[in-house]
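The primary structure of each chain is shown beneath.
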Amino acid sequence: MTGFQRRSVRAEYHDLLDQSHTVNSAMLDGVDGRLVEVQSRAIEVLKRPTPWAKAVTIAGMPRSEAADLLQRIGGALSQYGYPYSQVKITLNFFPEGRGSSLDLAAVVAIMLAAGVTREQDMGDCLIFGALDLLGDLRHTPGSLALCLAARDSQRIIAPEAN
């Protein structure tokens, strides 16, 4: 890679710093579904590619659940050919989120912040699903309650098993 190409790639990553992303999801709160916004933002261009677990900081989730989520996300993204991030990302759950139903929305939010995928109109979607370490979507308990939490006009993106 030439010096010009390196500068061009780094400039592309710097463009990511001006963007914020919100993905709508839901989690179980007892037997009811509760809407959760998954917000993401690239905050720094990294000097070298970094594993996702070190490149992503999670707020709005209990620490132990955040660590588990980072392991599932890192495994899934690596499985699909994205083992490293070029940018440091902050991921926030609002209101505070917990549970594996937020996995798929978190991956989508991270991919948007990292520039791996371009934003489609996510505002009209409710995204939920549990991931395993290989990146496969798993059955998500309470899916009916999660779907009922969706606004009337929202499309639902969920694992096929649900």
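This one's a predicted model, so the numbers in the text were calculated from it and none came from an experiment.

Asks: Break down the environment of Asp15 for me, with residues and values.
Replies: Along the chain, the position of Asp15 falls in helix α1 (residues 3-16). Residues Asp15 and Gly115, spaced 100 residues apart in sequence, show a C-alpha to C-alpha distance of 9.3 Å.

Asks: Would you mind going over helix α4 (residues 103-113) in detail, with residue names and values included?
Replies: Every α-helix winds through 3.6 residues per turn, so residues three or four apart in the chain are directed the same way. By the criterion of burial, α4 is predominantly enclosed, with eleven of the eleven residues buried. Along α4, the positions that sit buried rather than exposed are Asp103, Leu104, Ala105, Ala106, Val107, Val108, Ala109, Ile110, Met111, Leu112 and Ala113. Positive phi shows up at Gly115, right after α4, with a value of about 75°.

Asks: Please provide a residue-by-residue account of the sheet that holds strand β4 (residues 84-94), values included.
Replies: Ordered in space as β1-β2-β4-β3, the four strands form an open sheet in which the pairing is mixed. Two strands in the sheet have a free side with no partner beyond their single neighbour: β1 (20-29) and β3 (56-59). Recorded for the sheet is a direction-independent mean angle of 25° between the axes of neighbouring strands. The pairing of β3 with β4 spans four bridges and is parallel. Among the inter-strand pairings, Ile58 is bridged to a residue of β4, identified as Leu91. In the packing of α4 onto the sheet, contacts are made with β1, β2 (32-51), β3 and β4, and the angle to β2 comes to roughly 35°.

Here is what the cut-offs are and how they apply
Residues numbered from 1 in each chain as written. Predicted model: local features only at pLDDT ≥ 70, side-chain atom pairs only at ≥ 80, totals over all residues. Heavy atoms only, no water. Helix = DSSP H or I, 4+ residues; strand = E, 2+ residues; numbered from the N terminus. Buried < 20%, exposed > 50% of the residue type's maximum accessible area, 1.4 Å probe, protein only. Pairing = 2+ DSSP bridges. Axes fitted to C-alpha atoms, helices over the stretch in contact; angles between N-to-C directions. Contact = heavy atoms within 4.5 Å.

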